[in-house]
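Single-letter residue listing:
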Amino acid sequence: MYVLAAETPNAEDPTGFFGVLAHAAEWFIGLFQAGADNFVGLLVGIIPLLIVLLTAVNALVRAIGIERIERFGEMAARPGIQWYPVRYLLLPVLSVFFLTNPMCYTMGRFLPEKYKPAFYDSAVSFVHPILGLFPHANPGELFVYYGIAAGITTLGLGLGDLAVRFLLVGMVVILIRGIVTELITARLLARNTRTEGALA
Amino acid sequence: MSTSVEEKSTGNAGSSGSSVLGKASSVLVRVGKAVGGVVGVLYQAGRDTIDTVIRNIIPFMAFVSVIVGIVNYTGLGNVLANFVAPLASSLIGLLAICIFCAIPILSPVLGPGAVIAQVVGVLLGTRIGAGDIPPQYALPALFAINPQVGCDFIPVGLALGEAEPETVEAGVPAVLFSRLITGPLAVVLAYFASFGLYSST
């Protein structure tokens, strides 16, 4: 009987001491091979699109210029219920998009003190929902979204729907978060000033 | 008098000739500057991008790959799946995860760099990929693993917004308490917003 090179040699598994060693080595390498396959998947699947997208958005942000959104900061400082969406929706979204994490929080300087914690809460809660469509805003924490999105990709489903819904729900959530935090801040500020008054 | 007119006219002719040239060259300069500006902006954007990818994204991918490799290859993933999948595939379970992460003492501890959220996200992602968790739960899960976002960073974030110390004093607990309310609320919102997501499959 001829043994062709193309045939798989059916050598017995090594046994004994060296067999155990060989198996251990194989298992050990396999452990990292699994990781390496995953890494290649991420590099090939995510990085190319990410680089092109990041470059385009970075260029756009540079072209538009940051100083133009400072106008909204001044608008957002106004009292009254009609300015809530500006303060806790428009301003956080624009600051996160243009200034990115962590510089977006500097936009809080246009607001009165009592709104600052709520604005921070609102802005910081948007640095992840934006990742699905605009990863430039927070590239260091990409995997909050991409980790879960990778599972959807594995199933062969599209990510667009998830990304858009994540963004939209995120917008609703930051508006609610801003309003709730503003109420709590107002109470705490009032209590702090009362206790200070009692002490004095 | 006539000479002066002639001089004038020749002067005008000369200046108009040179002004055509001058106009042309100024247009060229302007076009050149604009093109140069656009190219410069794009090039700088590309440089920033590659910088971010190398500094922030690829290192995290390496870290994630090591964890995912170990978790999948050792079978730890299956053990985790038995533990996490039932939690992450029901609204109640997701709310439990969310409330746990939003506890005011735990949330600043879980916050830094969103590392916990990212690792949990990757683990849930592999479970979704393996079919243990239905894909429509991806959306509420994104909010459930993340009510602690930025809780470690409140004083710094407020300082970036030039807040007074009194504001920070009130703002830190305000944000932490607010998360206990708005965190679960976000999960419920996301749960209802996930109706129709990947449901045809």
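Everything in this summary refers to the structure shown in the same document. The structure presented is a predicted model; accordingly, all values stated were derived computationally and were not measured.

Cut-offs applied
- Residues numbered from 1 in each chain as written.
- Chains lettered and ligands numbered in written order.
- Predicted model: local features only at pLDDT ≥ 70, side-chain atom pairs only at ≥ 80, totals over all residues.
- Heavy atoms only, no water.
- Contact = heavy atoms within 4.5 Å.
- Buried area = accessible area lost by both parts, 1.4 Å probe.
- Salt bridge = Lys/Arg side-chain N within 4 Å of Asp/Glu carboxyl O.
- Helix = DSSP H or I, 4+ residues; strand = E, 2+ residues; numbered from the N terminus.
- Buried < 20%, exposed > 50% of the residue type's maximum accessible area, 1.4 Å probe, protein only.
- Phe/Tyr/Trp six-rings, centres within 6.5 Å; stacked < 30°, edge-to-face > 60°.
- Lys NZ or Arg CZ within 6 Å of the ring centre and 35° of its normal.
- Expected span 1.5 Å × (residues − 1).
- Bend = angle between axes of the 7 residues up to and from the residue.

Here we take up the interface of chain A and chain B. Quite often, the size of an interface is put as the accessible area lost when its parts meet. Contacts between chain A and chain B engage 67 residues on the former and 77 residues on the latter. Of the roughly 6,000 Å² buried where chain A meets chain B, counting both sides, 76% is carbon and sulfur surface. When the area that chain A buries against chain B is broken down by residue, the three leading residues are Tyr120, Phe143 and Ile148 of chain A, summing to 11%. In this structure, Arg179 of chain B engages Asp121 of chain A in a salt bridge whose closest nitrogen and oxygen atoms are separated by 2.4 Å.

With that settled, the discussion passes to the pattern of salt bridges. Residues and elements named next belong to chain A. In the structure shown here, the tally under the stated rule is six salt bridges over all chains. Note that Arg87 and Glu182 form a salt bridge whose closest N and O atoms lie 3.2 Å from each other. Highlighted residues: Arg87 in helix α4 (residues 84-99) and Glu182 in helix α7 (residues 160-199), separated in sequence by 95 residues. Pair check on accessibility: Arg87 and Glu182 agree, each one buried.

Positionally, Thr182 of chain B belongs in helix α8 (residues 165-193). Among the residues examined, Thr182 of chain B registers a relative accessible area of 2% and is labelled buried. With residues near it in sequence (within four places) discarded, Thr182 of chain B still touches Ile176, Arg177 and Val180 of chain A.

What follows is about unusual backbone geometry. Its identity as a non-glycine residue notwithstanding, Glu162 of chain B has a phi of 55 degrees, on the positive side. Its location among the elements puts Glu162 of chain B in the loop between α7 (154-160) and α8.

Aromatic ring pairs: the centre-centre distance and the angle between the two ring planes describe each pair. Going through the model one piece at a time under the given rule, you end up with 15 aromatic pairs over all chains. Ring plane angle 70 degrees and centroid distance 5.6 Å describe the contact between Tyr191 of chain B and Phe195 of chain B, whose orientation is recorded as edge-to-face. Taken together, the aromatic side chains of Tyr145, Tyr146 and Phe166 of chain A together with Phe143 of chain B make up a single cluster linked through ring pairs. Across the ring face of Tyr115 of chain A, the terminal group of Arg87 of chain A is positioned such that the distance to the ring centre comes to 3.6 Å.

Moving on: α8 of chain B. Within an α-helix, residues lying three or four positions from one another point in the same direction, as the helix has 3.6 residues per turn. The end-to-end C-alpha distance of α8 of chain B, which contains 29 residues, comes to 39 Å, matching closely the 42 Å that a straight helix rising 1.5 Å per residue would cover. The sharpest bend along α8 of chain B reaches about 35 degrees and sits at Arg179 of chain B.

This brings us to the environment of Ile154 of chain B. Note on placement: Ile154 of chain B falls in helix α7. Linking Ile154 of chain B and Gly171 of chain B, residues 17 residues apart in sequence, is a C-alpha distance of 7.8 Å. Discounting residues that sit within four places of it in the chain, Ile154 of chain B has contacts with Tyr120 of chain A together with Gly171, Val172, Val175 and Leu176 of chain B.

Read these as spatial facts, not as claims about activity.
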